[in-house]
Amino acid sequence: MKIRHLFTLAISLLSSLTASSAIASSAQTQEIEFVAAKRIQLDSKVVLNGHVEAINESTVSAQVNAKVKKIYVDVDDQVAVGKVLIELDDTELKAQLAKANASLKVAQANEAQAKSEFKRLKGLAADSFVSQNDITKASSAVDVASANISLAKAQISEVKQQLSYTTIIAPYSGVVTARHIEVGETANFGQALLTGFALNQNRLIVHVPNSLIKDVETTKTLLAQTSNGSWKTLSNLTIAPNLDTQTHTILVRANINKDDFNQRPGSFIKVAVKTDPRSALVVPISAVFNQGDLSAVYVKLDETYALRQVLLGEKFMADKNNQVIEILSGLSVREQVAANGAKLLSSESE
């Protein structure tokens, strides 16, 4: 009953405004700029529901078995590339590194001793004081010592690499969407720690019915509704080679920029496929006056003008600077409307 009452009041307001407008003088009418409603050719389109997806979305995982020491970020925190996210306990790995360094020193000492012994025996061999078998054994000892040095260096390199895994850093700038572990818990190899996605690097995902794929492949474009409600053409499309057997649709995706589309990943977005062109009756968007759910324009009637209710369609950019709106009913082609209906209503109110 309340909605019906409000609707009745709106109709009464529209009627009173129309009555007052109809008695305007011819002099006042001549001062108003009128433009003719005209038909233009527009691409027909079928509107579908798509969604926004982050191009870079990933989960960082543990590369070593270690206890969580510190967590520096939480859900919804924005992070810069290279920022430390989590620190794992590195006490055990540092002990292993110290052991590996000690093993290297032992191997180096053994190599020095083996080389010295080999040099001594080789000198004695000239006077036939040692056998060739002793020389061979000394040479093998040098090779073994050298191999032990290489092994110790490899172990040091491996432990250092594992130590680097105890500091989890952001692979790219973005926002944290989930945390999978707490301080004090032991992170096992491969266990998920944090999930996040890169900001302002999104793409549009839409499942196009098989009946419309030919139109997409012909134009190689899609229309997407921007944050301000207008439609933008996307041409950098990636079309899946196969249909989904359950829905009989084909996945189509396109990268979108942050200037036109500021929706967060996961948001729904209107997508349209261009079909055959159609004719649309349009007027400048400035000519339309809105009062609640009602829309109207001032129509020129001989020497006067009157407020007339219209049913609106979509908005379009007629050119770079002029935006027009489609009139579905209430006007005929070549009927003239006030170029700035809202301004005219304001002047009448004064």
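Above this text is the structure in question.
A brief structural summary. Quantities reported herein were computed from a predicted structural model and do not represent experimental measurements.

### As for the overall build of the protein
Helix and strand counts for the protein come out as six helices and 22 strands. Going through the 350 residues of the protein one by one, you find that 34% of them count as buried. Pairs at least 24 apart in sequence give 73% of the contacts found in the protein among residues at least 6 apart. Surface summary for the protein: the accessible area is close to 20,800 Å², and the carbon and sulfur share equals 51%.

### Observations regarding the side chain of Thr226
Secondary-structure assignment places Thr226 in the loop between β12 (222-225) and β13 (231-234). Under the relative-accessibility criterion, Thr226 is labelled buried at 9%. Of the polar contacts made by the side chain of Thr226, one reaches the side chain of Asn228; its length is 2.5 Å. Residues contacting Thr226, with those up to four places away along its chain left out, are Lys232, Asp260, Phe261 and Gln263.

### Focus on the nonpolar core
Grouped together as the largest cluster of nonpolar side chains are 20 residues, with contacts concentrated most on Leu204, Val206, Val208, Leu222, Leu234, Leu237 and Val273. Among the elements of the structure, β2 (38-54), β11 (202-209), α5 (213-219), β12, β15 (249-256) and β16 (268-284) are those that each provide at least two residues to this core. The element contributing the most residues to this core is β15, with four residues. Beyond its immediate stretch of four places on either side in the chain, Leu234 contacts Leu204, Lys220, Thr221, Leu222, Ala224, Ala254, Asn255, Ile256 and Phe261. Counting residues in each nonpolar core, the second largest holds 18 residues, with Val64, Ile71, Leu85 and Ala187 among its members.

### Observations concerning the sheet that holds strand β5 (residues 78-79)
Spatially, β3-β10-β8-β5 is the arrangement adopted by the four strands of the open sheet, whose pairing is antiparallel. Either end of the sheet is taken by a strand with one partner, and the two such strands are β3 (57-61) and β5. Inspection of the sheet shows strand β8 (residues 174-179) paired to strand β10 (residues 192-198) by five bridges, in the antiparallel sense. Of the residues in β10, the one forming a bridge with Val175 is Phe197.

So, how was this worked out
- Residues numbered from 1 in each chain as written.
- Predicted model: local features only at pLDDT ≥ 70, side-chain atom pairs only at ≥ 80, totals over all residues.
- Heavy atoms only, no water.
- Helix = DSSP H or I, 4+ residues; strand = E, 2+ residues; numbered from the N terminus.
- Buried < 20%, exposed > 50% of the residue type's maximum accessible area, 1.4 Å probe, protein only.
- Contact = heavy atoms within 4.5 Å.
- Areas by Shrake-Rupley, 256 points an atom, 1.4 Å probe, with all protein chains shown as cover.
- Polar contact = N/O pair within 3.5 Å; in protein donor to acceptor, adjacent residues only side chain to side chain.
- Core = buried A, V, L, I, M, F, W, Y, C linked by side-chain atoms within 4.5 Å.
- Pairing = 2+ DSSP bridges.

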